Each structure stands twice: as structure tokens, then as C-alpha cells.
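In case you want the letters, here they are:
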Amino acid sequence: MAEGLVSAVLEQRASILIQQVEAEVRLVVGVEYEVQNVTTNFTAIKAALEEAEDVLDEWIENASKINKNVRSFIPAYRFSPKQLVLCRDIADRKNPRLYI
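Throughout, residues of each chain are indexed from 1 in the direction in which the sequence is written. Whole-chain, interface and lining totals are the exception, using all residues; otherwise, since this is a predicted model, local features are given only for residues with pLDDT of at least 70 and side-chain atom pairs are given and counted only at 80 or more. For side-chain calculations, the full set of non-hydrogen atoms in the structure is used, while hydrogens and water are omitted.

1. Remarks on the overall build of the protein chain
Link 1 in the chain: Each helix is a run of DSSP H or I of at least 4 residues and each strand a run of E of at least 2, with the numbering of both proceeding from the N terminus. Each helix and strand in the protein chain was counted, giving two helices and zero strands.
Link 2 in the chain: Buried residues are those whose accessible area, probed at 1.4 Å on protein chains only, stays under 20% of the maximum for their type, while exposed residues exceed 50% and partly exposed ones sit between those limits. By residue count, 1% of the 100 residues in the protein chain fall in the buried class.
Link 3 in the chain: All accessibility values rest on the Shrake-Rupley procedure with a 1.4 Å probe; residue burial counts only the protein chains present in the view. Counting every atom, the protein chain has about 9500 Å² of accessible surface; 63% of that belongs to carbon and sulfur.

Rendered as C-alpha cells:
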């Protein structure tokens, strides 16, 4: 009788262990899938960031060129408010229809 009881307990314990092992295997397979999924997402994000970096570099380069052009243009046409009034007064005397 004791032998039958021990045999039943061992079978039940073996069944529980098999279920636990199956659960562990499912976890490992699930983790592998999630790691693959995260890796794919990070690869896509990296590609998007690299593309954005290229666009940003181009934008900065264009802004720098515009800045240089504006800086070279401004000194030639820099007027104080008094000079603008004076220019308007001179223009009014020469051509009353011309206003600055």
C-alpha cells in the first residue's frame, strides 16, 4: 500500500514538474520574441534618428549660409532712426511723392 501511495505522489509530482518546465519554456520563447521585437523597434528608431540627423545637418548648413549672407548684407544698409528720418526728409525735398 505504501508503495502505491508513493507511486501516486511521484506521478503527481512529475506532472507538476512537467507543467512548470513547460511554463518556463513558454517564458523563454516569449522573451526571445520580445527581445527580437524590441531589437526591430530600436533598429527602426536608429534609422529614423540618423535620417533626422542628416536633415538637421542640412538645415543647419543652410541656416549658416543664410546667416552669413544676412551678416554681409546688413552692414551695407545699416541706418539709425535719425538717418532714416534724414533720408526721408531729403527724399521729400527731391521728390515729394517718394516716401521711405
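Next comes the rest of the write-up.
2. Topic: a negative patch on the surface
Link 1 in the chain: A contiguous patch of negative charge on the surface is contributed by E50, E51, E53, D54, D57 and E58.
Link 2 in the chain: Topologically, D57 is positioned in helix α1 (residues 2-73). Patch membership requires over 30% relative accessible area and the absence of a salt bridge. Like charges are linked within 9 Å, and nonpolar side chains (Val, Leu, Ile, Met, Phe, Trp, Tyr) within 5 Å. By definition, a salt bridge exists where a carboxyl oxygen of Asp or Glu is found within 4 Å of a side-chain nitrogen of Lys or Arg. Counted charges follow a simple rule, with Lys and Arg positive, Asp and Glu negative, and His plus the chain ends left uncounted. The atoms used to mark charge sites are NZ of Lys, CZ of Arg, CG of Asp and CD of Glu.

3. Looking at a nonpolar patch on the surface
Link 1 in the chain: On the surface, a cluster of nonpolar side chains totalling about 400 Å² of accessible area is made up of V38, F42, I45 and L49.
Link 2 in the chain: Relative to the helices and strands, I45 is located in helix α1.

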